[in-house]
Amino acid sequence: MARSFSPALFQFLRDLEANNDREWFNQNKDRYERYVRDDGLRFVAEFRPYLHKISPHLVADDRPVGGSLFRIYRDTRFSKDKTPYKTNTGIHFRHEAAKDVHAPGFYLHIDPSGSFAGAGIWRPDSTTAGKIRETIMADPAGWKRAAHGQGFAAVYTLEGDSLKRPPRGVAPDDPLVDDLKRKDFLGSTGVTQKTLTSSGFLEDYADLCNAAAPFMRFLCGAVGLPF
């Protein structure tokens, strides 16, 4: 089986970090197209049947624009950092019911400084976060199995920002207060360059997503989405 990603992808991203300007990028655009765009889109397409077995409601969209592969171009409008390009590659397998990065889904982040696989919901709006917290309080045992059970916790670490104080209606001494304070409901696990560039990465990534399936099922159920 061919490799999904090449070590040349990591070298391109390192070189881009050192030369983050349009002139250099245009001179090396063929490297971007081959090792980032084309290999990324091919991975999305090849992962589709694996993803469908995990959940038929998550989408592997291999369109070059607006699909699962994030754009390399940075939005610099409101940033002090005006470098035009991202020095990492992101792939998001989102739920079919939602179209942005705040939807429940699986995420793959490829970065020479540290790559990882993620699962969950990043920065949901207040209504969605409220539904998740309400479901955790209504079914604490189910949440513990999903987020702290051996299958998930052995692979993933819960990440993200939290409120400084418990949300309204949550006692400070609630056994799950730390989880109920979360702004993000997601887990991540590191992935090495060796793993990412191995010939078996499709299966390895499918295993990581399978390990997070109970966590994803809980979150989707909490916000009224099928998994």
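Notes on the structure in this doc start here. (Residues numbered from 1 in each chain as written. Predicted model: local features only at pLDDT ≥ 70, side-chain atom pairs only at ≥ 80, totals over all residues. Heavy atoms only, no water.)

Some details on the nonpolar core
Phe93, Phe106 and Tyr205 are the most contacted members of the largest nonpolar core, which totals 63 residues. In terms of residue count, helix 3 (residues 29-54) provides more of this core than any other element does, nine residues in total. In contact with Phe93, other than residues within four places in its own chain, are Phe43, Val44, Phe47, Leu51, Leu58, Val59, Ala60, Ser68, Pro104, Gly105, Phe106 and Tyr205. (Core = buried A, V, L, I, M, F, W, Y, C linked by side-chain atoms within 4.5 Å. Buried < 20%, exposed > 50% of the residue type's maximum accessible area, 1.4 Å probe, protein only. Helix = DSSP H or I, 4+ residues; strand = E, 2+ residues; numbered from the N terminus. Contact = heavy atoms within 4.5 Å.)

A short note on the packing of helix 4 (residues 126-138) against helix 10 (residues 213-222)
Running from N to C, helix 4 and helix 10 point in directions that differ by 110°, and their axes come no closer than 8 Å. The angle between helix 4 and helix 10 places the two elements in the roughly perpendicular class. Seen from above, helix 4 lies across helix 10 with right-handed handedness. Residues Lys131, Ile132, Thr135 and Ile136 of helix 4 form the contact with helix 10, whose participating residues are Phe218, Leu219 and Ala222. (Axes fitted to C-alpha atoms, helices over the stretch in contact; angles between N-to-C directions. Parallel < 35°, antiparallel > 145°, perpendicular 65-115°, else oblique. Left-handed = near helix turned anticlockwise from the far one by under 90°.)

Side note on the sheet that holds strand 5 (residues 185-191)
The antiparallel open sheet is built from five strands, whose spatial order is 1-2-3-5-4. Two strands bound the open sheet, and with one partner strand each, they are strand 1 (89-94) and strand 4 (157-159). Strand-to-strand twist across the sheet, computed as the mean angle between neighbouring axes with direction ignored, equals 25°. As defined by bridge partners, strand 1 adjoins strand 2 (residues 105-110) across six bridges and the pair is classed as antiparallel. From the neighbouring strand, Phe93 faces strand 2, where its bridge partner is Phe106. Where helix 1 (residues 7-18) meets the sheet, it contacts strand 1, strand 2 and strand 3 (115-121), and its direction lies at approximately 70° from that of strand 2. (Pairing = 2+ DSSP bridges.)

Brief notes about the environment of Val223
Locating Val223 in the fold gives a position in the segment after helix 10. Assessed through its relative accessible area of 16%, Val223 is described here as buried. Considering only alpha carbons, one finds Val223 and Ala119, 104 residues apart in sequence, at a separation of 15 Å. When near neighbours in sequence (up to four residues on either side) are disregarded, Val223 contacts Thr128, Lys131 and Ile132.

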